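# Commentary on secondary and tertiary structure
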Amino acid sequence: MNTPLMATLAEQLDKGLIVPYLGPGMLALCPEAPVPATPLALAELMTSQVSVPHKIRKRLTQAAQFIENFKHRKSVVHLMNQAFAAPTTPSALHLALARSNAGLLVDGWYDDTLATALAQVRPEGGWLQLQGLSQSEHFGHWTGAYAANGEFLPQAPGGAQPILYKPIGAHAPAGNYLVSDSDYVEVLTEIDIQTPIPAAVQAWRSGRHFLFLGCRFDDQLTRSFARQIMKRSSAQHWAVLPDEPTRMEARFLQEQGITRIAQPLASFAAGLVEALQDTATA
């Protein structure tokens, strides 16, 4: 249903004034998504293949750190590549966002769904992917840039639009992942002064609104990344959160000027896709 809010969001997206920020919950919208859709599911998958102490089997970053310490970093990357190797089928909302005039799209999970959607709706290319890099593998380099065809770019070209920003890495094209405790410690040490956040992302977010989809803010990592990626943007944002927020989530929403949309993601997605179609044909 095309409500006034949907119409507003669609209009703002059409004007390039909204930055969609996707979380792992977006996978629930996909017709096919045979990959882990939560940190818990990913931790359980990894620890089903490598023995780790029982007390950290359900803690993703700690389990990954144990595997990195006692096996090898390559073991972590191998497990992550396996976990996210199966192709996902983009949802209608993924495709609509990829087709929109959003100049920056942020995706906070490791799957390739949004990149697949961009490739489908923009077969001619013209979009850029920026991924967070682990310091254990790429010391001194915080971000990797990739062309639409997956080619590594030594330097991100100026003015390339849209930008797909994967702050914790992604399966494709090169298996870059921030997943272990040490990965996050390195980034969080610098993130307050914005060092790990690409200059192109910092430039585009200025004065723009964020729309959070499939995200939860019930742990410090997700809050820290969202807070720093949003820095110096506008004072008005939205988040689709059908479940009642935790106390820390509610505080975060209030601090960041994020209006909660208490609607199931599937029904919101259907409404926004319809509103974007209406805007495109208006």
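Moving on, we come to the packing of helix H3 (residues 60-70) against helix H7 (residues 181-191). The geometry of H3 relative to H7 is characterised by a closest axis approach of 7 Å and an angle of 110 degrees between their N-to-C directions. Judged by the inter-axis angle, H3 sits roughly perpendicular to H7. Residues Thr61, Gln62, Gln65 and Glu68 of H3 form the contact with H7, whose participating residues are Asp181, Ser182 and Tyr184. A per-class count over the contact of H3 with H7 returns one nonpolar, four polar and two charged.

The next point concerns the pairing of strand E6 (residues 163-166). Burial along E6 is two-sided: the face carrying Ile163 and Tyr165 and the face carrying Leu164 and Lys166 are both buried. Where strand E3 (residues 128-132) meets E6, four bridges bridge the pair, whose relative direction is parallel. Each residue of the ladder has a partner; that of Leu130, found in E6, is Tyr165.

It is worth spelling out the environment of Thr195 at this point. With respect to the element layout, Thr195 can be found in the loop between H7 and helix H8 (199-205). Spatially, the C-alpha atoms of Thr195 and His72 are 27 Å apart, while their sequence positions differ by 123 residues. Residues within four places of Thr195 in sequence aside, it is in contact with Trp142 and Glu190. Here the side chain of Thr195 touches Glu190 through a polar contact of 3.3 Å, side chain to side chain.

Next up on the list: the sheet that holds strand E11 (residues 258-261). The nine strands lie next to each other as E5-E4-E3-E6-E2-E1-E9-E10-E11, forming an open sheet whose pairing is mixed. Strands at the two margins of the open sheet, each flanked by one partner only, are strand E5 (152-153) and E11. Across the face of the sheet, helix H1 (residues 4-14) comes into contact with strand E1 (18-22), strand E9 (209-213), strand E10 (237-240) and E11 while running at roughly 105 degrees to E1. The strands touched by helix H5 (residues 92-99) within the sheet are E1, strand E2 (104-107) and E9, with E1 carrying the most contacts at an inclination of about 145 degrees.

Rules used in this analysis
Here the residue index of a chain counts from 1 through its sequence in written order. Predicted model: local features are reported for residues with pLDDT of at least 70 only, side-chain atom pairs are reported and counted for 80 or more only, and whole-chain, interface and lining totals are derived from all residues. Calculation of side-chain values draws on the structure's entire complement of heavy atoms; hydrogens and water are dropped beforehand. Each axis is a line fitted through C-alpha atoms, taken for helices only over the stretch in contact, and angles between the N-to-C directions span 0 to 180 degrees. Numbering of helices and strands runs from the N terminus; a helix is a DSSP stretch of H or I covering at least four residues, while a strand is a stretch of E covering at least two. Should an angle lie under 35 degrees it is considered roughly parallel, over 145 roughly antiparallel, and from 65 to 115 roughly perpendicular; all remaining angles are considered oblique. Should any heavy atoms of two residues lie within 4.5 Å, those residues are considered in contact. Each residue receives one of three labels: charged for Asp, Glu, Lys and Arg, nonpolar for Ala, Val, Leu, Ile, Met, Phe, Trp, Tyr, Cys and Pro, and polar for the others, Gly being one of them. Using a 1.4 Å probe on the protein chains alone, a residue whose accessible area is under 20% of its type maximum counts as buried, one over 50% counts as exposed, and one in between counts as partly exposed. When DSSP finds at least two bridges between two strands, those strands are taken to pair. What qualifies as a polar contact is a pair of N or O atoms within 3.5 Å, subject to a donor-acceptor requirement within protein and to the restriction that residues adjacent in sequence count only when both atoms come from side chains.

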